[in-house]
Amino acid sequence: MDLTGEQADILNMVKDLSTNEIAPRAAHYDRTEEFPAENIKKMAKLGLMGILIPREYDGAGLDSVTYAMIIEEISKACASTGAIASVHNSLAPCMIEKWGTDEQKEKYIPPMARGEVIGSFAATEPNAGTDLGSMKATAVLDGDDYIINGAKTFITAGPRTKTSIVFALTDPEKGFRGISAFIAESSYKGFEVGSILEKMGIRASETSELIFTDMPVPKGNLLGKEGEGFKIALSSIDGGRIGISAQAVGIAQASLEQSISYAKERVQFGKPIARLQGIQWMVAEMATKIEASRLLTVNAAHLKDKGVRFGKEAAMAKLFSSETAVFCTNKAIQIHGGYGYMRDRVVERLYRDAKITEIYEGTSEAQKLVIASNILR
Ligand SMILES: Cc1cc2nc3c(=O)[nH]c(=O)nc-3n(C[C@H](O)[C@H](O)[C@H](O)COP(=O)(O)OP(=O)(O)OC[C@H]3O[C@@H](n4cnc5c(N)ncnc54)[C@H](O)[C@@H]3O)c2cc1C
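Everything quoted here is computed from the prediction, not taken from an experiment. (Residues numbered from 1 in each chain as written. Predicted model: local features only at pLDDT ≥ 70, side-chain atom pairs only at ≥ 80, totals over all residues. Heavy atoms only, no water.)

Caption draft 1: Inspection of the site of the ligand at higher detail. Taken together, 17 residues form the shell around the ligand, and within it Phe121, Thr124, Thr130, Thr363 and Glu365 come nearest. A distance of 2.7 Å separates a nitrogen atom of the ligand from a polar atom in the side chain of threonine 124. A distance of 2.7 Å separates a nitrogen atom of the ligand from a polar backbone atom of phenylalanine 154. Burial of the ligand by the surrounding chains reaches 65%, relative to a free accessible area of 980 Å². Listed by contribution, the elements that provide at least two residues to the shell around the ligand are β3 (145-156) and α11 (364-375). (Near = heavy atom within 4 Å. Polar contact = N/O pair within 3.5 Å; in protein donor to acceptor, adjacent residues only side chain to side chain. Areas by Shrake-Rupley, 256 points an atom, 1.4 Å probe, with all protein chains shown as cover. Helix = DSSP H or I, 4+ residues; strand = E, 2+ residues; numbered from the N terminus.)

Caption draft 2: Spatial organisation of the domain arrangement of the protein chain. Domain parsing of the protein chain yields domain 1 (5-113), domain 2 (118-228) and domain 3 (231-375). Between domain 2 and domain 3, the contact holds 11 residues from the first and 12 residues from the second. For the pair domain 2 and domain 3, the summed buried surface comes to about 1,000 Å²; carbon and sulfur atoms form 71% of the total. In terms of surface lost to domain 3, no three residues of domain 2 exceed Met200, Ile202 and Glu228, which account for 51% of the buried area on that side. At the boundary of domain 2 and domain 3, one finds four residue pairs in polar contact (both at pLDDT 80 or more). Its residues assigned to classes, the side of domain 2 that touches domain 3 shows six nonpolar, three polar and two charged. (Domains from an automatic or database assignment. Contact = heavy atoms within 4.5 Å. Buried area = accessible area lost by both parts, 1.4 Å probe. Nonpolar A, V, L, I, M, F, W, Y, C, P; charged D, E, K, R; others polar.)

Caption draft 3: Expanded view of helix α5 (residues 92-99). Counted residue by residue, α5 has six buried out of eight residues, so it is predominantly covered. Looking at α5, one finds that the buried residues are Ala92, Pro93, Cys94, Met95, Ile96 and Trp99. (Buried < 20%, exposed > 50% of the residue type's maximum accessible area, 1.4 Å probe, protein only.)

Printed below as a string of structure tokens:
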């Protein structure tokens, strides 16, 4: 792909950060499940926590194609950091930018764009995942505040977040049409971080429950209008999926690069295994799927940048790239043989990290529903 001069410069800067700072710490963060605060600080310094946010709100003001390339590079080095960066960059600040009032934008976007505040997206509940319309959290208007009660789960960076977009029912009778979105601050009374959940992969991204008990949220923090929450969530996730697709490409690319160097150095039957056709076919399939995944991701990002509909293409990209990540990391372990199954190998971590890309911001089945509904409308 041809890059503009600016894109090439940014990508070189990100590659430098990823290779020299982020990748060397990835195994540590995976093992300890410690939040990669140092990585986030370094990214913030380079403007990588407000990639899509206009400069007037202290963001980097970059386009979605550049965003996808950045998330791929970061995720190639550390998928946990990639998850935090993707969710933070593409959801809370962008949602406020698109749906917020001028006051909301001025108050909440700049600290997130500067990376001083981590944003989160709190939609999922224990019994409402793909079926967000069955959520139970409620928001009842009482004077100048909405009083929110409910429990969210699986929230990325939940324990770190200071600004969370919280979804709750303002009109439970209306089902998904009764969902509204709110900007909640973690300092509000009744905002509580529940259990931090232990995970198979992206172990350092700190996924937790968030519990709201009689939490007053000022009326002025309603995002959009009452009843627009579902629409806001779905349209924001379309953009988020470009990030997850890029994350999947990064994980897959890392597994390919590990496989190539291992195949060249591992000798069996008197020659490097890279010279065995069985290994070559795996590498060829991995490389081809990665190329296709990257193109699908860039295509969705390009459509988003053009301001045309991109929901179907973002779902296609996420579906294909996440399956590619799972396929490639599996093959990478196969190429490494028994050594690939050992905890000290990068491919072992990549295999665990890859799986989440088929689940969050909509499962693969949910992507197929989006694609089919666009095609069969
Ligand atoms: C590590 C991690 C981080 C996350 N981060 C966030 C976050 O920051 N914010 C947030 O709000 N959520 C977050 N999530 C939640 C995530 O988006 C949901 O897990 C996901 O949407 C699926 O919901 P579920 O887990 O309840 O699965 P379910 O919806 O219960 O699905 C179970 C199975 O049924 C299938 N299924 C469900 N409905 C259909 C259908 N109509 N047709 C066909 N198959 C169907 C699914 O594809 C899946 O295979 C995160 C999850 C994880 C694991």
